[in-house]
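Structure at a glance
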Amino acid sequence: MKIGLFIPCYVDAVFPEVGIATYKLLRHLGLDVTYPEKQTCCGQPMANAGFEKQAVPLAAKFEDLFSGFDYVVAPSVSCVAFVRINYPRLLQHECETAKRCMDVVEFLHDVVKTDRRLGTFPHKVSLHNSCHGVRELGLSSPSEAHIQKFNKIRDLLSLVDGIDIVEPERPDECCGFGGMFSVEETAVSAQMGLDKLERHIQTGAEYITGPDCSCLMHMAGVARKQGKNIQFKHVVEILAAGL
């Protein structure tokens with residue numbers, strides 16, 4: 001099984017440690033991982049801003065660059081959701097590469113089906129369920145669906161020694177980032193971020209974790225401005241801790 005590691009541009013530029021942890025974790029599990037050079041943005045920012053045509057050449061480049069892999073794995077639910085859901089429409093044909101693009105959580109949970117003990121993280125951690133992960137990739141059960149609860153992120157975190165996993169009240173409510181939403185509706189976005197942050201803090205957690213750096217970045221910015229004493233780590237950093 002050949003895996004192409006897709007590291008979204010904002011992860012590469014702002015959170016490189018998340019990309020490194022993803023590679024480290026996949027290699028630890030004995031997987032054949034390659035990081036293709038010259039990969040670029042998936043095109044999500046352009047499309048979200050209303051400039052879909054500018055995303056088309058990026059989608060075509062992505063399809064070509066990752067065409068030789070069995071799976072394309074990335075530590076970003078929003079980028080994976082954009083690729084898998086929107087590329088067929090943007091490119092106007094069936095996209096085999098986009099079909100094989102998966103977030104690292106769903107890949108480890110659904111394909112690798114890992115059940116071995118992973119790292120060590122002796123801390124209380126509040127789990128953040130990013131909107132794209134819940135409602136587009138199915139990482140956890142959306143509350144409005146009224147179905148039996150499940151959470152693939154929690155399942156993986158339970159393989160980490162010493163961790164205490166909690167969830168906030170209204171666990172799948174948006175943090176307010178939403179890409180362009182946080183730019184166009186700054187005040188609303190900031191208040192949503194503060195409300196979500198407070199619910200995480202009320203759990204007594206030392207850390208907030210989740211599958212998307214953008215949500216964590218948004219809440220971390222609110223926390224710094226408000227002087228809140230809580231830390232943030234992408235879920236893959238916790239899964240890889242101490243390996």
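Located above this text is the structure these notes cover.
Sequence positions are assigned chain by chain, starting from 1 and proceeding in written order. Residue-level local features of this predicted model are given only where pLDDT is at least 70; pairs of side-chain atoms are given and counted only at 80 or more, and the full residue set underlies all totals for whole chains, interfaces and linings. To obtain the side-chain values, all non-hydrogen atoms of the structure were included, while hydrogens and water were left out.

1. A look at the nonpolar core
To keep things clear, this is the line we draw: Only buried Ala, Val, Leu, Ile, Met, Phe, Trp, Tyr and Cys residues count toward a nonpolar core, and they belong to the same one when joined by side-chain atoms within 4.5 Å. Only protein chains enter the accessibility calculation, which uses a 1.4 Å probe; a residue whose area is less than 20% of its type maximum is buried, one above 50% is exposed, and one in between is partly exposed. Only DSSP runs of H or I with at least four residues qualify as helices, and only runs of E with at least two residues qualify as strands; both kinds are numbered from the N terminus onward. Contacts are assigned to residue pairs with any non-hydrogen atoms lying within 4.5 Å of each other.
One finds L26, Y87, L108, L157 and L239 to be the most contacted residues of the largest nonpolar core, which totals 62 residues. With 9 residues, helix 5 (residues 77-91) is the largest single contributor of residues to this core. Every residue in contact with L239, bar those within four places of it in the chain, is listed here: L25, L108, L118, G119, L156, L157 and V160. F177, L197, V222 and I230 belong to the second-largest nonpolar core, a separate cluster that totals 11 residues.

2. Structural notes on the packing of aromatic side chains
Using the following cut-off: Pairing of aromatic rings covers Phe, Tyr and Trp, the last counted by its six-membered ring, and requires centre-to-centre distances within 6.5 Å; plane angles under 30 degrees mean stacked, over 60 mean edge-to-face, and any other angle means tilted. A ring has a charge above it when a Lys NZ or an Arg CZ is no more than 6 Å from the ring centre and no more than 35 degrees off the ring normal.
Inspection of the entire model under this criterion finds 8 aromatic pairs. Aromatic pair F82 and Y87: ring centres 6.0 Å apart, planes at 85°, arrangement edge-to-face. In this structure F82 comes out as buried when scored by relative accessible area, which is 6%. An aromatic cluster is built from F6, F62, F66, F69, F82 and Y87, whose rings are joined through pairwise contacts. The aromatic ring of F69 is capped on one face by K2, whose charged end is 5.8 Å from the ring centroid.

3. What to know about the sheet that holds strand 2 (residues 32-34)
Where we set the bar: Pairing between two strands is assigned when DSSP locates at least 2 bridges connecting them. Under this scheme, a helix contributes an axis fitted over its contacting stretch, all axes are lines through C-alpha atoms, and angles between N-to-C directions fall in the 0 to 180 degree range.
Strand order across the open sheet formed by 4 strands is 2-1-3-4, with parallel pairing between neighbours. The open sheet has two edge strands with one neighbour each: strand 2 and strand 4 (101-103). Strand-to-strand twist of the sheet, defined as the mean angle between neighbouring strand axes without regard to direction, takes the value 35°. Pairing of strand 1 (residues 2-5) with strand 3 (residues 71-74) involves 3 bridges; the strand directions are parallel. Bridge pairing in strand 3 links I3 to Y71. Contacting strand 1, strand 2 and strand 3, helix 2 (residues 16-28) crosses the sheet at an angle of about 170° to strand 1.

4. A short note on the side chain of S126
Relative to the elements of secondary structure, S126 occurs in strand 5 (residues 124-127). S126 sits in the buried class, given a relative accessible area of 0%. Every residue in contact with S126, bar those within four places of it in the chain, is listed here: V166, E167, P168, H200, T203, A205, Y207, I208 and T209.

5. Digging into the pairing of strand 3
Two faces belong to every sheet, and in a regular strand the side chains alternate between them. In this structure, strand 3 lies alongside strand 4, joined through 3 bridges in parallel fashion. Looking across to strand 4, one finds that V72 is bridged to C101.

6. Notes on the sheet that holds strand 6 (residues 164-166)
The strand order across the open sheet built from 4 strands is 6-5-7-8, with neighbouring strands paired in parallel fashion. The sheet is open, and its two borders are formed by strand 6 and strand 8 (231-234), each paired with just one other strand. The sheet shows a mean angle of 30° between the axes of neighbouring strands, direction not considered. Sheet contacts for helix 12 (residues 213-226): strand 7 (207-210) and strand 8; angle to strand 8, the most-contacted strand, approximately 170°.

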